[in-house]
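Coordinate inspection notes
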Amino acid sequence: MTVRTIWINGGLRDAEDARVSALDHGITVGDGVFETVKAVDGAPFALSRHLDRLARSATGLGLPEPDLDEVRRACADVLAAEPVALGRLRITYTGGVSPLSSDRGTERPTLIVAVGAIAPRPDTTAAVTVPWVRNERGALSGLKTTSYGENVLALARAHEQGASEALFANTVGQLCEGTGSNVFVVLDGTLCTPPLASGCLAGITRALVAEWTGAEERDLPFDVLERADEVFLTSTTRDVQAVHRVDGRTLEQAPGPVTAKAMRVFAERAAADQDPA
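For the structure given in this document, a descriptive report is provided here.

Analysis parameters
Residues numbered from 1 in each chain as written. Predicted model: local features only at pLDDT ≥ 70, side-chain atom pairs only at ≥ 80, totals over all residues. Heavy atoms only, no water. Pairing = 2+ DSSP bridges. Helix = DSSP H or I, 4+ residues; strand = E, 2+ residues; numbered from the N terminus. Contact = heavy atoms within 4.5 Å. Axes fitted to C-alpha atoms, helices over the stretch in contact; angles between N-to-C directions. 1 Å grid on protein atoms, 1.4 Å probe; cavity = no way out; pocket = protein on both sides within 12 Å on 5 of 7 lines; lining within 4 Å. Points joined across faces, edges and corners; volume = space filled by probe spheres on them. Nonpolar A, V, L, I, M, F, W, Y, C, P; charged D, E, K, R; others polar. Salt bridge = Lys/Arg side-chain N within 4 Å of Asp/Glu carboxyl O. Parallel < 35°, antiparallel > 145°, perpendicular 65-115°, else oblique. Left-handed = near helix turned anticlockwise from the far one by under 90°. Buried < 20%, exposed > 50% of the residue type's maximum accessible area, 1.4 Å probe, protein only.

A closer look at the sheet that holds strand β4 (residues 43-44)
Read from one edge of the open sheet, six strands run β2-β1-β6-β5-β3-β4, paired in antiparallel fashion. Bordering the open sheet on either side are β2 (11-14) and β4, each of which pairs with just one other strand. Here two bridges tie strand β3 (residues 32-40) to β4, and the two strands are oriented antiparallel to one another. By the bridge assignment, Ala39 is partnered in β4 with Pro44. This element, helix α2 (residues 47-61), spans β3, β4 and β5 (86-94) of the sheet and lies at about 175° to β3.

Here we look at the layout of surface pockets
Estimated volume of the second largest pocket: approximately 350 Å³. Forming the boundary of the second largest pocket are 19 residues, of which Lys38, Val40, Leu86, Asp239 and Ala270 lie nearest the centre. Of all elements in the fold, only β3, β4, β14 (239-246) and α6 (257-272) reach the threshold of two or more residues within the lining of the second largest pocket. Per element, the largest residue contribution to the lining of the second largest pocket is five residues, and it comes from α6. Split into classes, the residues belonging to the lining of the second largest pocket amount to 13 nonpolar, two polar and four charged.

A short note on the pattern of salt bridges
Here the structure, examined in full by the defined rule, presents twelve salt bridges. Glu217 is the salt-bridge partner of Arg206, the closest N and O atoms lying 2.6 Å from each other. Of the two residues, Arg206 is situated in helix α5 (residues 204-213) and Glu217 in strand β12 (residues 216-217); the sequence distance between them amounts to eleven residues. Glu216 is paired through a salt bridge with Arg218; the nearest N and O atoms lie 2.8 Å apart.

Notes on the packing of α2 against helix α3 (residues 68-81)
A packed helix pair is summarised by two numbers, namely the angle formed by the two axes and the spacing between the axes. Packing of α2 against α3 brings their axes to within 11 Å, and their N-to-C directions diverge by 135°. The angle between α2 and α3 falls in the class oblique. Crossing of α2 over α3 shows right-handed handedness. Contacts from Leu47, Ser48, Leu51, Leu54 and Ala55 in α2 reach Leu68, Val71, Arg72 and Cys75 in α3.

Structural notes on the pairing of strand β6 (residues 110-117)
Within β6, six of the eight residues are buried, which leaves the element mostly enclosed by the surrounding structure. Inspection of the sheet shows strand β1 (residues 5-8) paired to β6 by three bridges, in the antiparallel sense. Bridged to Ile8 within β6 is Ile112. Sheet analysis places β5 next to β6, joined by eight bridges and oriented antiparallel. Counted as the bridge partner of Arg90 is Ala114 from β6.

Pasting the structure below:
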């Protein structure tokens, strides 16, 4: 994924000239929030929902409210400079230059926007479970922050086992989410996904799929993955992606009928409305 142009703190820069301070709080302590937005033929998908969540995450982390008009302009400038057919548009908003501690400084926050081309995802993938848990009562629960160390470790574990995603339970043994995705399961024909109270991120694709398919939010034990009829993941870059293997269990029919319908409905509705309310 080649990134050639980056918008940073007020304007476009060539990637090799785009710099932030080594004292930026996003670098030193992971004090920042971000959004990943799908770009299709040079246009962002569901940008308004993503910007609303960016603002919620910033507020939850105690950062100043971002200027969403500025973020929109930055996205437009980047996509005009890099009109990819299918891309990952990354918006990063950090605490800016700060002391070498958890204390924030008085400088303005840092805003970075960049886009890179991505390949279409396959219809199915493999996932693994990991022994680490999400803390549904933690200060960062439900916020999309740049503190991604847990996800880096878990995703590396998944890759070691030939999978593209790792799935977490929460502290009370309920199914929660993946490193960068939400998870849905089919039980006796009913489509279910963990509630936000489980500690999972309020995924944009998750919300749209739930709205467009009528999926139920339900507390689910982690071992539901051992008996669910179908499993699929949702995320900005996956859309709806069926899971054909979880750990050592193979789901013979993937995508199954409920997953296939969700894939079709999402593709049709997303194509019809670039910025669904």
